[in-house]
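Tertiary structure, described
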Amino acid sequence: MKNPAEAIRELANQLAVVKARLNADDCTGRVLADDVVADRDSPAADVSAMDGYAIRLADLSDQNTVAVTGEAAAGEKPPSMQSDGVVRIFTGAIVPDQCEAVVKREDTEESDGSIRFRQSAMQTQAGDNIRRAGENAKGGSTVLSAGVRITAAHRATMANFGADRVSVFAPVRVTVITTGDEVGKFDDAAPQPWQLRNSNQSSIASLLSQPAWIKHVASVHAVDDREQLAQTLTTALTDSDAVILTGGVSMGDYDYVPEIVRQVGGEVVFHGLPVRPGKPILGAATADGKLIVGLPGNPVSATIGCHRFAMPLLAKMSGQKNWRSNCPVVHLSNAGSKTIPLHWMRLVRLIDHGVAEPVQSLGSGDLVSLGQSTGYVELPPGETGNGPWPYYAWS
Ligand SMILES: Nc1nc2c(c(=O)[nH]1)N[C@H]1C(S)=C(S)[C@@H](COP(=O)(O)OP(=O)(O)OC[C@H]3O[C@@H](n4cnc5c(N)ncnc54)[C@H](O)[C@@H]3O)O[C@H]1N2
Ligand code: MOO
């Protein structure tokens, strides 16, 4: 059986990236579809990095006072430097033509109309405290590459180069289908002991609601009926780029998901992985590159399975170049000595920087332990101990 990374990679190879591109004003969290190119040099001219005095090196002496002959302020064209004297300059202002360096004002003694250099200024070298035109980027060069998920940091870069409206990939449209006769919505009456509330619908909707590059089209519930399930899945595949199902994926008489996925044209890439929880998980792709993930019905398995498998695959479809889960590692406190011969997705609670403790769990139906976790760590088969282990946070 494939390990999680292999399973994800193999399925990812069969998926299509969403094509439509939109010009978006509010592009934060979306995926950039075209490179952003600098519309001019950055900085656009040689500018001062400090508040102080624009000088020629020849002026540098701790013996004499030097006249202040002008002022260069940010937002204004610089004055020209006179043959004898320095120019008061502010951070971000363009340095005058003949300026060779900027001396910080705290390295001078200032009096009316003149300054004297302190000893601390005497080591000033040519170019000190000057940011050169184009040193961050030359006009015409690529400053952001297509495929990044746009963050506040990218927004600053885009704004600086006048790229406020950029093209982004359309969000990946996802439909969620929960299954099972026992699962329902019980607004007024309490569920009977043989019924349960649809927690998978909530946890998966919550995971899908976080990225701006996903559009959660619909959540529907299908009873354990072949025809209804086939019809529901066919409609979902028409309306969406990806479909996530929960339940009905293992060995029970009413577990129709694998059969129906094949019937509607899904090519199953894996069904059953050496993981706990969530061993019966199914991953498939249609001929036109749509994703179908069949998650086990047990709530801990469904939530972890969606997070660990479906989310990176959706990220791939969204156009992100860096779509694999690059998660940090944590050390476990009180890891115990238990091992299992499977990739173990173990619920944990983060308790300090880089430190987590296991959450006691009675298994994949234990929704109380799920609610006490901040995420899970992944241990390879047979491993035990404090790690470090990759840590997957819920958010
Ligand atoms: N003979 C075997 N039986 C089972 C195996 C196996 O390998 N051989 N695997 C077990 C494992 S591991 C899991 S996980 C489950 C997965 O089963 P299914 O995907 O077929 O899920 P269901 O049987 O439909 O449901 C399992 C469990 O989860 C509850 N459930 C289902 N949907 C929801 C929902 N939307 N919200 C909350 N809870 C849900 C359901 O009531 C069941 O209790 O199979 C084992 N069996
Ligand atoms: O894979 Mo199941 O989630 O162990 O119960």
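Just so it is clear, the structure is predicted and the values come from calculations on it, not from any experiment. (Residues numbered from 1 in each chain as written. Chains lettered and ligands numbered in written order. Predicted model: local features only at pLDDT ≥ 70, side-chain atom pairs only at ≥ 80, totals over all residues. Heavy atoms only, no water.)

1. Digging into the overall build of the protein chain
When its secondary structure is counted, the protein chain shows 7 helices and 26 strands. Relative to a compact globule of 395 residues, whose C-alpha radius of gyration would be 21 Å, the protein chain shows 30 Å and is clearly more extended. In the protein chain, buried positions account for 47% of the 395 residues. Here the protein chain displays about 19100 Å² of accessible surface, and carbon together with sulfur accounts for 47% of that area. Between the averaged position of the 35 positive side-chain charges in the protein chain and that of its 44 negative side-chain charges there is a distance of 4 Å. (Helix = DSSP H or I, 4+ residues; strand = E, 2+ residues; numbered from the N terminus. Rg over C-alpha atoms; globule rule 2.2 N^0.38 Å. Buried < 20%, exposed > 50% of the residue type's maximum accessible area, 1.4 Å probe, protein only. Areas by Shrake-Rupley, 256 points an atom, 1.4 Å probe, with all protein chains shown as cover. Lys, Arg positive; Asp, Glu negative; His and termini not counted. Charge placed at Lys NZ, Arg CZ, Asp CG, Glu CD.)

2. Things to note about the site of ligand 1
As a structural note, the neighbourhood of ligand 1 is formed by 22 residues, with Glu182, Asn198, Val249, Ser250 and Gly297 the closest of them. Within the contact set of ligand 1, a nitrogen atom lies 2.8 Å away from a side-chain nitrogen or oxygen of Asn198. At 3.0 Å from an oxygen atom of ligand 1 is found a main-chain nitrogen or oxygen belonging to Gly297. Contributions of two or more residues to the shell around ligand 1 are made by strand 13 (172–179), strand 15 (196–197), helix 3 (199–209) and helix 6 (299–317). Split by residue class, the shell around ligand 1 holds 7 nonpolar, 12 polar and 3 charged. (Near = heavy atom within 4 Å. Polar contact = N/O pair within 3.5 Å; in protein donor to acceptor, adjacent residues only side chain to side chain. Nonpolar A, V, L, I, M, F, W, Y, C, P; charged D, E, K, R; others polar.)

3. Thoughts on the sheet that holds strand 5 (residues 65–72)
Taking strand neighbours across the sheet as the criterion, the 6 strands line up as 7-4-6-5-9-8 in an open arrangement whose pairing is mixed. If you trace the sheet from one side to the other, it starts and ends with strand 7 (101–104) and strand 8 (108–111), each paired once. Taking the axes of each pair of neighbouring strands and ignoring which way they run, one obtains an average angle of 40 degrees across the sheet. For strand 5 and strand 6 (residues 86–89), the ladder comprises 4 bridges, and the chain directions are parallel. Its bridge partner lying in strand 6, Glu71 is registered against Arg88. (Pairing = 2+ DSSP bridges. Axes fitted to C-alpha atoms, helices over the stretch in contact; angles between N-to-C directions.)

4. Remarks on the pairing of strand 26 (residues 389–393)
Across 2 bridges, strand 22 (residues 329–332) lies against strand 26 in antiparallel orientation. Looking at the pairing, Val329 lines up with Pro390 of strand 26. Examined bridge by bridge, strand 25 (residues 375–379) and strand 26 share 3 bridges and lie antiparallel to one another. Across the sheet, Gly375 pairs through a bridge with Ala393, a residue of strand 26.

5. Digging into the pattern of salt bridges
Within the structure shown, the criterion is met by 12 salt bridges. As a salt-bridge pair, Lys2 and Glu10 come within 3.9 Å of each other at their nearest N and O atoms. Residue Lys2 is classed as partly exposed on the basis of its relative accessible area, which comes to 24%. The salt bridge involving Glu259 is made with Arg226; its shortest N-O contact spans 2.5 Å. (Salt bridge = Lys/Arg side-chain N within 4 Å of Asp/Glu carboxyl O.)

6. As for the nonpolar core
Counting 47 residues, the largest nonpolar core has Leu208, Ile244, Leu291 and Leu314 as its most contacted members. Breaking this core down by element, the ones donating at least two residues are helix 1 (4–12), strand 13, helix 3, strand 17 (242–246), strand 18 (267–271), strand 21 (291–295), helix 6 and strand 23 (343–352). With 11 residues, helix 6 is the single largest residue contributor to this core. In terms of domain composition, this core takes at least three residues from each of domain 1 (4–18 + 171–317) and domain 4 (329–393). Setting aside residues no more than four positions away along its own chain, Leu314 makes contact with Val172, Val174, Leu208, Trp213, Ile214, Ala242, Ile244 and Leu291. Ranked by size, the runner-up nonpolar core spans 17 residues in total, among them Leu229, Ala230, Val257 and Ile292. (Core = buried A, V, L, I, M, F, W, Y, C linked by side-chain atoms within 4.5 Å. Domains from an automatic or database assignment. Contact = heavy atoms within 4.5 Å.)

7. With respect to the packing of helix 3 against helix 6
The interhelical angle for the contact between helix 3 and helix 6, taken along N-to-C directions, is 30 degrees, at an axis separation of 10 Å. Considering their axes alone, helix 3 and helix 6 lie roughly parallel with respect to each other. Crossing hand, helix 3 versus helix 6: right-handed. Facing Ser199, Asn200, Ser203, Ile204, Leu207 and Leu208 of helix 3, the residues of helix 6 in contact are Pro299, Ala302, Thr303, Cys306, His307, Met311 and Leu314. Looking at the contact of helix 3 with helix 6, its residues break down into 8 nonpolar, 5 polar and no charged. (Parallel < 35°, antiparallel > 145°, perpendicular 65-115°, else oblique. Left-handed = near helix turned anticlockwise from the far one by under 90°.)

8. Things to note about the site of ligand 2
Around ligand 2, the surrounding shell consists of Pro277, Gly278, Lys279, Pro280, Asn298, Ser301 and Ser364. Here an oxygen atom of ligand 2 sits 2.4 Å away from a polar atom, N or O, in the main chain of Gly278. At 2.9 Å, a backbone N or O of Lys279 approaches an oxygen atom of ligand 2. Across the shell around ligand 2, the residue classes break down as 2 nonpolar, 4 polar and 1 charged.

9. So, the domain arrangement of the protein chain
Per the domain assignment, the segments making up the protein chain are domain 1 (4–18 + 171–317), domain 2 (28–41 + 136–168), domain 3 (47–131) and domain 4 (329–393). Inter-centroid distance (C-alpha atoms) of domain 1 to domain 2 is 35 Å.

10. Re the UniProt feature "domain: MoaB/Mog" (unreviewed entry) in the protein chain
UniProt annotation of "domain: MoaB/Mog" (unreviewed entry) refers to residues 175–316 when read in the numbering used here. Between the end C-alpha atoms of residues 175–316 there is a gap of 17 Å, over a span that is 35% helix and 27% strand. (UniProt positions renumbered as here; feature names shortened; annotations may be inferred.)

11. Brief notes about the side chain of Arg346
Mapping Arg346 onto the fold places it in strand 23. One buried charged residue, Arg346, remains without a salt bridge, the closest side chain of opposite sign being Glu357 at 11 Å. Each residue touching Arg346, except ones within four places of it in the same chain, is listed here: Leu332, Ala335, Pro358, Gly375, Tyr376 and Val377.

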